[in-house]
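Coordinate inspection notes
Chain by chain, the residues:
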Amino acid sequence: MPEKNAVEMRGVTKRYPRVLACDGVDLSIRQGEIHAIIGENGAGKSTLMKILYGMVRPDEGSITLNGKSLTGHSASDSIRLGLGMVHQHFMLIDPFTVAENVVLGIEPVRAGLFIDGRTARERVERLSSEYGLALAPDERIENLSVGLEQRAEIVKVLYRGADILILDEPTGVLTPQEVTELFVVLRALRESGRTIIFITHKLNEVIELADRVTVMRDGRVTGVVSAAETTPAELARMMVGRDVLLRVERREATPGEAVLVVNKLSAVGRKGTHVLDHVSLKIRSGEILGIAGVHGNGQTELVDAITGLHATSSGNVTLSGTDITNLRPRTIRDLGVAHVPEDRLERGLVPEFTVAENLLLGHHHRAGYSKRGLIDVAKMEEHARELIVEHDLRPADSSISASHLSGGNQQKLIVAREFDGAPALLIASQPTRGVDIGAIEFVHTNILKMRDAGAAVLLVSAELSEIMTLSDRIAVMYGGRIVQEFEGGTVSEEELGRYMTGAAGAEAAVEAEGTAEATGAAGGTA
Amino acid sequence: MFELVVLDSALRMATPLILASLGGLFSERSGVVNIALEGILLTGAFASILATYYTGDPWVGVAAGIFAGILVSLIHAAVTVIFKADQIVSGVAINLLAAGATQFLTWITWGSSSNSPPVVGMAPWSLPEAWGPVARGINVVIGHYPPLVYVALVAVAAAHVVLWHTPFGLRLRATGEHPGAVDAIGVSVRKMRFAGILLSGALAGLGGAFLALNTHQFVKNMSAGRGYIALAAMIFGKWNPVGAALACLLFGYAEAVQMGLQGQQVPSQFVQMIPYVLTMVALVGVIGRTRPPAALGKPY
Ligand SMILES: Nc1ncnc2c1ncn2[C@@H]1O[C@H](COP(=O)(O)OP(=O)(O)O)[C@@H](O)[C@H]1O
Ligand SMILES: [Mg+2]
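Computed from a predicted structure; not experimentally measured. Each chain has its residues counted from 1, running along the sequence as written. Written order determines the labels here, with chains lettered from A and ligands numbered from 1. Totals for whole chains, interfaces and linings use all residues, but because this is a predicted model, local features are given only for residues with pLDDT of at least 70 and pairs of side-chain atoms are given and counted only at 80 or more. Note that the side-chain values use all heavy atoms of the structure and ignore hydrogens as well as water.

1. Brief notes about the packing of helix α3 (residues 58-82) of chain B against helix α9 (residues 189-215) of chain B
Residue and element names in this part refer to chain B. Here an angle of 0 to 180 degrees is reported between the N-to-C directions of two axes, which are lines fitted to C-alpha atoms, with helices fitted over the stretch in contact. Helix numbers and strand numbers start at the N terminus; a helix is a DSSP run of H or I with at least 4 residues, a strand a run of E with at least 2. As a packed pair, α3 and α9 sit with axes 6 Å apart at the nearest point and diverge in direction by 145°. In the packing of α3 onto α9, the handedness of the crossing is right-handed. Side-chain classes are defined by residue name, with Ala, Val, Leu, Ile, Met, Phe, Trp, Tyr, Cys and Pro counting as nonpolar, Asp, Glu, Lys and Arg as charged, and the others, Gly among them, as polar. Classifying every residue of the contact of α3 with α9 by side-chain character gives 16 nonpolar, 8 polar and 2 charged. What makes a crossing left-handed is the near helix being turned counterclockwise from the far one by less than a right angle; a clockwise turn instead makes it right-handed.

In structure tokens form, the structure reads like this:
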């Protein structure tokens, strides 16, 4: 019954210079269903969707959309046929208002010439209230939270009359509350007869929301199952091609002496705002402190302030009793601080450098690797070979440039370099962002290994499940402050989520002041 | 220093700057740096004199200036949008090319390496006296300027309306902020950027025509950095037509004052520095935060 399918893709293949992104993919989406497409990073999900949407030309294959066969179509063709896409990286124009973003490209006009602002606002209001999206049409995108930005994207798609919606990894950037709210909206859209293609790599979401699931691995479809009849373990096996540990084994922590003590640390951001507001925390050797929070609430600045990358305005940081406040990054590193930065291409690597060079960065000036200002190339190569074998970097070639590694292997490279040489303090910021399950397993196992070897670990992650599995203690940051601290295992994702959005923060902030005092006092005597 | 003569000459000095900076605005709002304004002004100036010389009609000269501006900007558009080359390098190359080519053609056409013979200019516009005292009053205040002065002022208002109140303007600005988003909704980034750059060429070509027709002849390198000053004015005006025009008037005023000061104590070089100093002051944020289009200078 082909007329019942909203989307039919047959034998779709797309070759990029270095990879086969889609390899003979078949995909059928039924009218009115929520269909999940899951797969690890790099499996080809986004590419497949961009092909369907008309932003990427396939090398082979046929596509039928709402009963119409498409060849060489563009995005405007598929929009006309009722397809809409909410991209993984939002396609919104920051200084424009919500209404301007929504109508862009199909603007209502008056007098045949001018944009009809009132009609634009009314349409946005109507669509937004119909699905309970609570969007203000005149608000500028730059002032919206990520959750609201996503809603603006959804309204943008609905305004274009889409009856098939593609959402590419929509939950990656949301808090648990926002995810719940998004699911309500998506179910309402299904009720209204629309078809939804939902891309994710989070297994629980699939089971909760989807009707059917297509699993992809390495550009190929490895299974199509009904969500009601599958389990996370089965989906994971289809995604990865082997049994995986969805949760790493961890033993109880045996904390020792305080290693990192942060005492009432404040910092001012580029726009003159207080990005850090009297933050105090303490991490002992052999324990992991996880920092949960919505991106942009001071986590980045906290890590940068500790590592010497962001100047502080008051307060101090001590490492095993030594004051390291506002020292130079290299001095801080040499005192035993390792840092896995949140943006691996920006700060973790020099993509154009070889694997061997990248593995040496930050250790390059140390005795043994350089002599009289010259790098000992033989030592560098030897060091690289050891780390590559020890951490199973692939391909095992120290001479290729780091930009040619997959995201997962780039991250493994950084972990291999930073964990080398027994640091006293390990700071891992978004250590598994955008890497595959295999690499996640690797990173998590290694973080725990470092902890058990006696390192103090500061873990910052937007991924709540990561915080919950690894942390011995959890601190929540909101608006540049630590609003609450929990013992690991004593708190639910939902509760963390409430603190992360400030909903439960008001009275807690006052309490946190109290604990801050206490920690500060402890830090003083340590 | 606020004598009427100075104000009068300030407005004339500002006119080519205003036209060129509006041109720069359309290009930069689409995300393409147009440092080629300098070369376009010069080419427009040359083409307008050439056409006026052969037809005796300055309006044909104006059309030729616009046309030449569009042709030159077409090179910039092809190089930066289709071949995605560096926008600054393309602009600098065009400026060098324009300086050489106009001088060479001046020599070929008129046998002079420095300037053309004089041509007829444009008659100033004013309201007919017969319309009564109101018309006469208007003439006293803002009358008797060459037509392109009024065209430039109307163009400022028109640019404002186009950029902020029409679908074209919305899409153009969107292209300069986030071309990926424009592409994703099925609007062609290439078309929008071509439109921005060609409009830029037309306006700067028109500015060049005014520059030359106002002095009744072409003189080699007569643009004399005005393209860069126009770009500076656009930045000083925070990428807004009205702001850019006000900055041009300010710079035009400085230029007029400088001419009045000639032979006096203040070295003219100091006055010539004013636009650039003000622009640097603007860039470091003294007049409030300036925000260029987010995708400015990035090929797509
Ligand atoms: N424009 C491109 N050029 C080259 N390679 C690409 C491009 N887009 C995607 N790829 C590659 O294709 C593969 C699939 O990518 P993608 O579809 O984004 O995966 P997913 O969305 O499942 O994470 C990856 O290896 C990626 O590096
Ligand atoms: Mg993707």
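There's more to say after this.
2. A closer look at the confidence of the model for chain B
pLDDT: the predictor's confidence for each residue, scored from 0 to 100. In this model, chain B carries a mean pLDDT of 91, and residues with pLDDT of at least 70 account for 95%. ipTM for the predicted complex: 0.90, alongside a pTM of 0.82.

3. What to know about the interface of chain B and chain A
Contacts are assigned to residue pairs with any non-hydrogen atoms lying within 4.5 Å of each other. Contacts between the two partners involve 18 residues from chain B, matched on the other side by 25 residues from chain A. In the sections that follow, a salt bridge refers to a side-chain nitrogen of Lys or Arg positioned within 4 Å of a carboxyl oxygen of Asp or Glu. Our enumeration of links across chain B and chain A arrives at 2 salt bridges. The residue Glu107(A) makes a salt bridge to Arg171(B) at a minimum N-O spacing of 2.7 Å. Between N or O atoms, a polar contact is any pair within 3.5 Å; within protein, one atom must be a potential hydrogen donor and the other a potential acceptor, and residues adjacent in sequence are included only when both atoms are from side chains. Joining chain B to chain A, the criterion identifies 5 residue pairs in polar contact (both at pLDDT 80 or more). For the side of chain B that touches chain A, the secondary-structure elements that each account for two or more residues are α6 (147-165), α7 (167-177) and α8 (179-184) of chain B. The element best represented in the side of chain B that touches chain A is α7(B), accounting for 6 residues.

4. A look at the nonpolar core
Generally speaking, a soluble globular protein has its nonpolar side chains buried in company with each other. Residues and elements named next belong to chain A. If you look at the biggest cluster of nonpolar residues, it comprises 120 residues, and the most contacted ones within it are Leu165, Leu186, Leu189, Val213 and Leu235. Aside from chain neighbours lying at most four places away, what touches Leu186 is Ile34, Leu167, Ile196, Phe198 and Leu209. Only buried residues count toward a nonpolar core, which is a set of Ala, Val, Leu, Ile, Met, Phe, Trp, Tyr and Cys residues joined through side-chain atoms within 4.5 Å. Using a 1.4 Å probe on the protein chains alone, a residue whose accessible area is under 20% of its type maximum counts as buried, one over 50% counts as exposed, and one in between counts as partly exposed. The next biggest cluster of nonpolar side chains, apart from the first, holds 44 residues, and it includes Leu393, Leu405, Val443 and Met450.

5. Brief notes about the coordination of the magnesium ion (ligand 2)
Residue and element names in this part refer to chain A. Coordination partners: N, O, S within 2.8 Å of the metal, 3.2 Å for Na, K and Ca; water not considered, so apparent gaps in a site are possible. Surrounding the magnesium ion (ligand 2) are the protein donor atoms Ser46 (OG) and Gln88 (OE1), which sit 2.1 to 2.5 Å from the metal. Here Gln88 lies in the loop between β6 (83-86) and α3 (98-103) and Ser46 lies in helix α1 (residues 45-53), a separation of 42 residues in the sequence. Relative accessible area serves as the criterion here: at 31%, Gln88 is assigned to the partly exposed category.

6. Points about the packing of helix α2 (residues 37-55) of chain B against helix α4 (residues 87-110) of chain B
Helix-helix packing is described using two parameters, namely the angle between the two axes and the distance between the axes. Residues and elements named next belong to chain B. As a packed pair, α2 and α4 sit with axes 8 Å apart at the nearest point and diverge in direction by 20°. Between α2 and α4, the interaxial angle falls into the category roughly parallel. α4 is crossed by α2, and the crossing has left-handed handedness. Listed contacts from α4 to Glu38, Gly39, Leu42, Thr43, Phe46, Ile49, Leu50, Tyr53 and Tyr54 of α2 are Asn95, Ala98, Ala99, Thr102, Leu105, Thr106, Thr109 and Trp110. For the contact of α2 with α4, the residue count by class is 10 nonpolar, 6 polar and 1 charged. Oblique is the label for every angle not falling under 35 degrees (roughly parallel), over 145 degrees (roughly antiparallel), or within 65 to 115 degrees (roughly perpendicular).

7. Some remarks on the domain arrangement of chain A
Residues and elements named next belong to chain A. What marks off one domain from the next here is an automatic or database domain assignment. When cut into domains, chain A gives domain 1 (5-240), domain 2 (248-336 + 425-514) and domain 3 (344-422). Computed from C-alpha coordinates alone, the two centres of domain 2 and domain 3 are separated by 26 Å. Between domain 2 and domain 3, the buried area comes to about 1,400 Å², and carbon and sulfur atoms account for 57% of it. For Glu418, the salt bridge goes to Arg333, with nearest N and O atoms at 3.0 Å. Linking domain 2 to domain 3 there are 6 residue pairs in polar contact (both at pLDDT 80 or more). Those elements that provide at least two residues to the side of domain 2 that touches domain 3 are α10 (329-334) and α15 (437-452). With 6 residues, the single largest contributor to the side of domain 2 that touches domain 3 is α15. By residue class, the composition of the side of domain 2 that touches domain 3 is 9 nonpolar, 3 polar and 6 charged. Put simply, buried area is the surface a 1.4 Å probe can reach on two separate parts but cannot reach once they are joined, added for both.

8. Some points on the side chain of Asn95(B)
Residue and element names in this part refer to chain B. Structurally, the position occupied by Asn95 is in helix α4. Judged by its relative accessible area of 9%, Asn95 falls in the buried class. At a separation of 3.0 Å, a polar atom in the side chain of Asn95 contacts the side chain of Tyr228. Those residues in contact with Asn95 that lie beyond four places of it in its chain are Ile35, Ala36, Glu38, Gly39 and Tyr228.

9. Details of the site of ligand 1
All names here are of chain A. Residues are classed as near a molecule or strand on a simple rule: at least one heavy atom within 4 Å of it. Around ligand 1, the surrounding shell consists of Tyr16, Val19, Ala21, Glu40, Asn41, Gly42, Ala43, Gly44, Lys45, Ser46 and Thr47. Ser46 is positioned with one of its side-chain polar atoms (N or O) 2.7 Å from an oxygen atom of ligand 1. Thr47 places a polar side-chain atom, nitrogen or oxygen, 2.5 Å from an oxygen atom of ligand 1. Note on areas: Shrake-Rupley with a 1.4 Å probe; residue coverage comes only from the protein chains shown. Within the complex, 61% of the 560 Å² of free accessible area of ligand 1 lies under protein. By residue number, the principal contributor to the shell around ligand 1 is α1, which donates 3 residues. Residue classes in the shell around ligand 1 are distributed as 4 nonpolar, 5 polar and 2 charged.

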